[in-house]
Amino acid sequence: MAEFTGTVIDFDYKGRGITKKDGVAVFLNGGIIGDEVKYEITKQKKNWYEGKIIKILKESNFRKKSPCKYSKKCGGCDFLELPYEIQKEWKRKSVLQQMKRIAKLELDIEEVISSSQLTHYRNHMQFQVKNGRIGLYGKNSKDLVEIESCLMQSENSNRVLQILKHWKKIRHLDLIGIRSNEKDEIMLILVSKQKLPKLNDILPLLLDAHVVSIYENINSSKKYHYSRSFTKIFGKDQLEEKLLDLQYELSPNSFYQVNRRATEQLYKKAFELLQPSKDDILYDLYCGIGTISLSAAPKVKEVIGVEIIPEAIENARNNAIKNGIENVRFMAGSAEEIIPRLWEEENILPDCIILDPPRAGLDRTLIEFFRQNPVKKILYISCNSATQARDLTFWRDTYHVEEIIGVDLFPNTVHVETIVLMSRE
Ligand code: SAH
């Protein structure tokens, strides 16, 4: 097979190194900016190629030794061989480029806000189980990379992983979810196609590793990690958590940001940008377990939080009670249905909105609603600046983008969280 040489000049959104062959982009299975590599072409399309690195001829000056022994193969992290400052600068530029290319915005973006923890920051991980082996998917592949412990999760999470690895009934599982709280207590989610075998033989060990809650999740679909069918088989119904001095409960299927310390930074920055006032009605759309709503509540007159997962709304309501916060109202349902209804049936329009949708971005109905009914300020938080930039284009004539800030919720990966502050034109 023909071999080529090239220099890695950039990363793509999956963290793959990019080089060029006769002006055409080649996406490589690794490599960091500045590496000179020998590669072969593995896939040929009209406007791009995919390639596999055969050898690194000269290492980039940026390169550092990875702290993780799996990083060459494991798909969990992308940037373990890249110093942190360079990761952050790449993320800043990548958001800048998306905003320029897609939303046609010419704003500059400050340095991305750092995560105080670069490892052990993940409070939720999912491990694949194949034929009794536990691991993570490989880089851009569905091949299992067997893992003994992961540098990104907590100490007790790794203890739990070890226990399960040596469990003789592990073959019955397809996936393991491990969630940890700030006290490093563990909620364990065991996913399988059929009912689980008894856990009696490992339960004492799990308890010793601070497992406080175990759920069974029966899932025959390959499409989703967890199905909607959670059954508690041991311990507490919820995991208790603390964020910005407030107490929370969270259910196994409730979303919660994976990096709690960086999330505190994110929220602080969000409120600093939005500067809500005491007379404001604030909407927190895509509110999860109500963390933004409850943190913002003391700053405004009233918050309405909307979230599609009913269990998360149940958590949110309990969280309001737990913290003695009364000026919040949580509604279960899709934001695009509930917001027009609040207007039609109760005549409520907010002064400010915080949006924090999943990677796919906002529903067009919702965008249209706030185009027709413009509010004073919108603060749009996203983990996908491409869909975020796309959504901004629909609001170009209604809102002015004031500021864009990147927050590093996901160190050592290509991902970055972006906050965009907009005000009514
Ligand atoms: N703001 C929260 C959660 C953000 S994640 C936090 O900071 O923790 C996005 C959330 O949007 C998830 O909880 C997801 O269940 C919810 N969601 C997805 N589609 C939705 C929709 N159409 N309407 C309302 N919520 C939705």
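If you're wondering where the values come from, they're calculated on a predicted model, not measured in any experiment.

Another point: the sheet that holds strand S5 (residues 36-44). The mixed open sheet is built from six strands, whose spatial order is S1-S5-S6-S4-S3-S2. In this open sheet, the two edge strands, each paired with only one partner strand, are strand S1 (4-7) and strand S2 (10-11). Sheet analysis places strand S4 (residues 24-28) next to strand S6 (residues 48-58), joined by four bridges and oriented parallel. Each bridged residue has a counterpart across the sheet, and for Val-26 the counterpart in S6 is Tyr-49.

The next thing to look at is the site of the ligand. Not every one of the 17 residues close to the ligand is listed here, only the nearest: Tyr-267, Tyr-286, Glu-307, Ala-335 and Asp-356. Within the contact set of the ligand, a nitrogen atom lies 2.9 Å away from a backbone nitrogen or oxygen of Tyr-286. Here a nitrogen atom of the ligand sits 3.2 Å away from a polar atom, N or O, in the main chain of Ile-308. In isolation the ligand has 580 Å² of accessible area, and contact with the protein removes 89% of it. Mapped onto the shell around the ligand, the elements with two or more residues apiece are helix H5 (291-296) and helix H7 (335-346).

All right, on to the pattern of salt bridges then. Applying the stated rule across the entire model yields 31 salt bridges. For the salt bridge of Arg-133 with Glu-146, the shortest nitrogen-to-oxygen distance reads 3.1 Å. Taken together, the residues Arg-133 in strand S8 (residues 133-137) and Glu-146 in strand S9 (residues 144-146) connect sequence positions 13 residues apart. Residue Glu-368 is joined to Arg-371 by a salt bridge in which the shortest nitrogen-to-oxygen separation is 3.1 Å. Here the residue Glu-368 and the residue Arg-371 both occupy positions in helix H8 (residues 364-372), the gap between them amounting to three residues, near one helical turn. Its relative accessible area of 30% is what places Glu-368 among the partly exposed residues. Residues participating in the shared-partner salt-bridge network are Asp-35, Arg-63, Lys-72 and Glu-81.

All right, on to the packing of H7 against H8 then. Their axes nearest at 8 Å, the elements H7 and H8 cross at an angle of 30°. By the angle between their axes, H7 is roughly parallel relative to H8. Considering how the two elements wind past one another, H7 and H8 form a crossing that is left-handed. Between H7, through Ala-335, Glu-336, Ile-339, Pro-340 and Trp-343, and H8, the contact on the second element is made entirely by Thr-365, Leu-366, Phe-369 and Phe-370. Split by residue class, the contact of H7 with H8 holds seven nonpolar, one polar and one charged.

Counting residues in each nonpolar core, the largest one holds 84 residues, and the members touching the most others are Phe-127, Val-160, Leu-164, Ile-176, Leu-188, Leu-190 and Leu-379. With seven residues, helix H4 (residues 260-274) is the largest single contributor of residues to this core. The residues contacting Leu-164, other than those within four sequence positions of it, are Ile-134, Ile-170, Ile-176, Leu-188, Leu-190 and Ile-202. Ile-281, Ala-335, Ile-339 and Ile-378 belong to the second largest nonpolar core, which has 37 residues in total.

Conventions used here
Residues numbered from 1 in each chain as written. Predicted model: local features only at pLDDT ≥ 70, side-chain atom pairs only at ≥ 80, totals over all residues. Heavy atoms only, no water. Pairing = 2+ DSSP bridges. Helix = DSSP H or I, 4+ residues; strand = E, 2+ residues; numbered from the N terminus. Near = heavy atom within 4 Å. Polar contact = N/O pair within 3.5 Å; in protein donor to acceptor, adjacent residues only side chain to side chain. Areas by Shrake-Rupley, 256 points an atom, 1.4 Å probe, with all protein chains shown as cover. Salt bridge = Lys/Arg side-chain N within 4 Å of Asp/Glu carboxyl O. Buried < 20%, exposed > 50% of the residue type's maximum accessible area, 1.4 Å probe, protein only. Axes fitted to C-alpha atoms, helices over the stretch in contact; angles between N-to-C directions. Parallel < 35°, antiparallel > 145°, perpendicular 65-115°, else oblique. Left-handed = near helix turned anticlockwise from the far one by under 90°. Contact = heavy atoms within 4.5 Å. Nonpolar A, V, L, I, M, F, W, Y, C, P; charged D, E, K, R; others polar. Core = buried A, V, L, I, M, F, W, Y, C linked by side-chain atoms within 4.5 Å.

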